[in-house]
Amino acid sequence: MKKILVTGGAGFIGGNFVHYMLNKYPEYMIVNLDVLTYAGNLESLKDIENNPNYKFIRGNISDRKFIFELFEQEKFDIVVNFAAESHVDRSVTDPEIFVQTNVIGTQVLLDASRKFRVNRYHQVSTDEVYGDLPLDRLDLFFTENTPLNPSSPYSASKASADFLVQSYHRTFGLPTTISRCSNNYGPYHFPEKLIPLMISRALNNESLPVYGNGENVRDWLHVEDHCSAIDLIIHKGRVGEVYNVGGHNERTNLEVVNTILKTLGKSEELITYVTDRPGHDLRYAIDPHKLENELGWKPKYNFDTGMDTTVKWYLDHKEWWKNIISGEYKNYETVYTNI
Ligand code: NAD
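Here goes a summary of the coordinates provided. (Residues numbered from 1 in each chain as written. Predicted model: local features only at pLDDT ≥ 70, side-chain atom pairs only at ≥ 80, totals over all residues. Heavy atoms only, no water.)

1. Concerning the overall build of the protein
Cut-off, in case you're wondering: The numbering of helices and of strands both runs from the N terminus, where a helix is a DSSP run of H or I of at least 4 residues and a strand a run of E of at least 2. The reference for a compact globule is 2.2 Å times residues^0.38; the radius of gyration itself is calculated from the C-alpha atoms. Relative accessible area decides the class of each residue, using a 1.4 Å probe on protein chains only: under 20% of the type maximum gives buried, over 50% gives exposed, and in between gives partly exposed. Note on definitions: a residue-residue contact is assigned when non-hydrogen atoms from the two residues lie within 4.5 Å. Computed by Shrake-Rupley with a 1.4 Å probe, the accessible areas treat only the displayed protein chains as cover when residues are assessed.
Per the secondary structure count, the protein includes eleven helices and twelve strands. In terms of overall size, the protein behaves like a compact globule, its C-alpha atoms giving a radius of gyration of 19 Å where 339 residues would be expected to give roughly 20 Å. Dimensions of the protein, computed from the C-alpha atoms along their principal axes, are close to 55 × 45 × 40 Å. Buried residues in the protein amount to 58% of all 339 residues. The long-range fraction of contacts in the protein, counting pairs at least 24 apart against all pairs at least 6 apart in sequence, stands at 83%. For the protein, the exposed surface amounts to about 14100 Å²; the carbon and sulfur share of it is 49%.

Pasting the structure below:
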């Protein structure tokens, strides 16, 4: 029996990871620690709330006293840190909470992991720490050796956390790993992010706001493939290492929006172009060869099948996202995003 602390498990990727691990490892105990910001939604975990191998605890990763007491009590084997402020547009309007949660929160978890000797601390990071690539150099990709060059307060806070994680490995010998993943899509994605936002608005025949000319490129990965990568890394990845995670699915934002419109049988006339975000990254593209060659990871979904199943999920789960958008769910406010 292993006990895994998943922080941020009421969010998009953490929630998918909790489901993935409970399905795959019926002998593991999964503890989900989440403070439930506007992005945390226990509705996504309703189906497992009575599972004896699952426990939810509400709490803040930056609360040192609380975190140390929790670690002392629970004796975790593995910590997987998803908890973060994750929305780039929100970091442009209010950077402070990004430093508090993403940097200070990570440091508190690292200190607790060190003191209570966890066997593995895994930091869920992002390809955004590398900055961006030019649109006219399609031969360039982010590797694990690409220097960190973050553009937004969000990615700067994530890069700071990555440096802290690496320093705790080097200085204190903490057994750490880091994964840097490209943009995720799939079930339970908060409807302020590009794909669920466009699906929900298209279904309501509302305009679809696209930043700039829509030519910015993102590299998309189905969230289940991200979960399988983290599963491999925490069990087989070498300590002290960074692993890039990506599925070679580069698409312009406009291509993504058009795929959604086509799948839903809606008109391209719904698209409206809006003023670009300041400092908007041009292109992200991940080279995942280390993960593929060293740990044998392979994504299950290609972009088209992944998008088909995702659009179907949003059609089948209208209640879930309608509760958020209608304001029945706390503090929802639309912040347009083309991530
Ligand atoms: P999300 O915003 O959907 O979820 C974040 C969760 O963290 C929420 O449930 C929130 O309540 C919780 N949280 C926030 N502050 C907290 C705190 N102080 N203490 C405890 N819990 C707190 O985010 P997501 O999209 O699921 O991203 C999860 C992680 O993956 C983040 O670290 C993000 O940087 C990283 N990531 C995301 C993507 C992506 O495409 N979404 C890609 C690569 C990496």
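2. Looking at the layout of surface pockets
Test applied: Points on a 1 Å grid over protein atoms alone make up a cavity when a 1.4 Å probe fits among them but cannot get out, and a pocket when they form an open set with protein on both sides within 12 Å along at least five of seven lines; lining residues each have an atom within 4 Å of a point. Grid points are joined across faces, edges and corners, and a volume is the space filled by probe spheres set on the points.
By volume, the largest pocket amounts to about 880 Å³. Lining the largest pocket are 45 residues, and of these Phe82, Ala84, Glu85, Ser86 and Lys193 sit closest to its centre. At the level of secondary structure, the elements contributing two or more residues to the lining of the largest pocket comprise α1 (12-24), β2 (29-34), α4 (96-115), β5 (120-126), α5 (153-172) and β7 (183-185). For the second largest pocket, the calculated volume is near 160 Å³.

3. Some remarks on the pattern of salt bridges
Operational definition: Here, a salt bridge means any side-chain nitrogen of Lys or Arg that lies within 4 Å of a carboxyl oxygen of Asp or Glu.
Taken as a whole, this structure holds 16 salt bridges when the rule is applied. Here Lys46 and Glu49 are joined by a salt bridge, their closest N and O atoms 4.0 Å apart. A relative accessible area of 47% means that Lys46 is categorised as partly exposed. Between Lys312 and Asp316 there is a salt bridge; the shortest N-O distance is 2.9 Å. One end of the pair is Lys312 and the other is Asp316, both in helix α10 (residues 303-316) and four residues apart, which spans about a single turn. Taken together, the salt bridges that share partners define one network made up of Arg238, Glu241, Lys290 and Glu294.

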